[in-house]
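# Structure assessment
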Amino acid sequence: MIDCQKQLFSLPDDLHYLNCGYMSPLLKEVEEAGVAGMRRKRVPSNIAPADFFEDLETARRLFAQIIGTSEQSRIAIIPAASYGLATAARNLRLEAGQNVVVVSGQFPSNVYVWRRLAAAANVELRTVSAPALSEGRGQEWNAKVLKSIDRGTGLVALAQVHWTDGTLFDLASIGARAREVGAALVVDGTQSVGAMPFDVDELRPDALICAAYKWMMGPYSIGAAYFGPRFDGGCPLEETWIARTDSGDFRRLVDYQDEYRAGAVRYDVGETSNFILVPMLVASLTRVLRWGIPAIQEYCRKLTRRLVAEVADLGFGAEEERWRAHHMVGLRLPPGSDPTAVSGELARRKVSVSVRGEVLRVSPHVYNDPSDVIALHDALRGTVSS
């Protein structure tokens, strides 16, 4: 168990920031790591060849721990989820007539890449529509996903939780069905990894792609990805020097090597040794592991369970607990509500959440406490009474 950790952040006292699903605030220690990285480049001669590799390997090891795998070599450092998804798309071989399964309303980065692949490979992009907003929607949606996967499916691409409202997808069952028909499973973990347990060795995705600026508490423009055996020996988006064998020997860099370093390093972004962002990522992942991901999820469960119970009397509904994440919950607006007016009232009261369609997405973290839930409840009561 952990207590409120707001002292580790620089959030204003009068701001009720329940919006980690939009972007996490920077931990003070992560900010300090970034500042130290900038200062480091004041005197470049102090940056040794080994420094291009050491923090990277630490980041790979920490991310591997977070996602429950011992295979550190399968971790690539990426600049964005779209980069990791594009890498996966480049290395998947689909045949004309097959289909790609996604769910409606996925984050655009996890749709556009598959639209392009479907058009190029002459395959069907099969979108599983969301059931009507109601309690129990998650169970019905999962059943529809499973039903949509057939012998013609070459790829299933979705998230562990839906980014608009926290609906849970049963990756164990979906992954088992995908393997049964020989389809690849590519998971966008950006809205869950770091706040919700994810076990690669148990769920067995072919690829897991994560931006770091949300639940991994990292900076913008960096992330990490796991690439399973299906992607061994693949073709990267970039031909970086650092991904090649013996790249640590700077004296011999022009002794060009066709062989890549082992594992998923070939899929790293160029200039991957970023001396500002990588230390920030190391600091953020270290802190997440220190808190413990089950403890983070349990902390958020107490906040969102209380919230869902208290706003029910105001006409706001939510998915049943079995089918929603605890760190991100979608509150269905009462009939006739004006989302713009609700947003305005929340902003006036300095309560930060996200409106996604007809859903109010509330995504707390360990810097929140019950006073933030009370502030949100009071603001929502104000929108109903007005």
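As shown above, the structure is provided for reference.
In short, a report on the structure. (Residues numbered from 1 in each chain as written. Predicted model: local features only at pLDDT ≥ 70, side-chain atom pairs only at ≥ 80, totals over all residues. Heavy atoms only, no water.)

## Some details on the side chain of R324
Operational definition: Numbering of helices and strands runs from the N terminus; a helix is a DSSP stretch of H or I covering at least four residues, while a strand is a stretch of E covering at least two. With a 1.4 Å probe rolled over the protein chains alone, any residue whose accessible area is under 20% of its type maximum counts as buried; one over 50% counts as exposed, and the rest are partly exposed. Any two residues whose heavy atoms approach within 4.5 Å at even a single point are treated as in contact.
Along the polypeptide, R324 turns up in the loop between α9 (293-311) and β9 (329-332). Note on R324: relative accessible area 7%, which makes it buried. Aside from chain neighbours lying at most four places away, what touches R324 is G166, L168, R305, V308, A318, E319 and V329.

## Some remarks on the pattern of salt bridges
The cut-off we apply is this: Salt bridges are counted wherever a side-chain nitrogen of Lys or Arg sits within 4 Å of a carboxyl oxygen of Asp or Glu.
This model, assessed by the stated rule, comprises 23 salt bridges. For R348, the salt bridge goes to E345, with nearest N and O atoms at 2.9 Å. In this pair, R348 and E345 are both assigned in helix α10 (residues 339-348), three residues apart and thus about one turn of the helix distant. For R348, a relative accessible area of 58% gives the class exposed. We classify E345 as buried; its relative accessible area is 17%. What you see here is one network of salt bridges that share partners, running through E57, R60, R261 and D268.

## Notes on helix α2 (residues 54-66)
We count it as follows: Given a helix with a known number of residues, its expected span is that number minus one, times 1.5 Å.
Taking 1.5 Å as the rise per residue, α2 with 13 residues should run 18 Å; its terminal C-alpha atoms sit 19 Å apart, in good agreement. Among the residues making up α2, those that are buried are L56, A59, R60, L62, F63, A64 and I66. Looking at the residues trailing α2, positive phi occurs at G68, about 75 degrees.

## Section: the nonpolar core
Rules: Residue types Ala, Val, Leu, Ile, Met, Phe, Trp, Tyr and Cys, when buried and joined through side-chain atoms within 4.5 Å, form a set referred to as a nonpolar core.
Of all hydrophobic cores here, the largest spans 86 residues; its most connected members are L331 and L380. Once residues within four sequence positions are removed from consideration, L380 is found in contact with V311, L314, F316, L331, V342, L346 and L360.

## Points about the sheet that holds strand β12 (residues 359-362)
Inclusion rule: A pair of strands is treated as paired once DSSP finds two or more bridges between them. Lines fitted to C-alpha atoms define the axes, with helix axes restricted to the stretch in contact, and inter-axis angles between N-to-C directions lie between 0 and 180 degrees.
Here we have three strands laid out as an open sheet, ordered β9-β12-β11, and antiparallel in their pairing. Every interior strand has two partners, whereas the edge strands, β9 and β11 (354-356), have only one. The sheet shows a mean angle of 35 degrees between the axes of neighbouring strands, taken without regard to direction. For β9 and β12, the ladder comprises four bridges, and the chain directions are antiparallel. Looking across to β12, one finds that V329 is bridged to V362. Packing against the sheet, α9 makes contact with β9 and β12, and its axis sits at approximately 5 degrees to β9.

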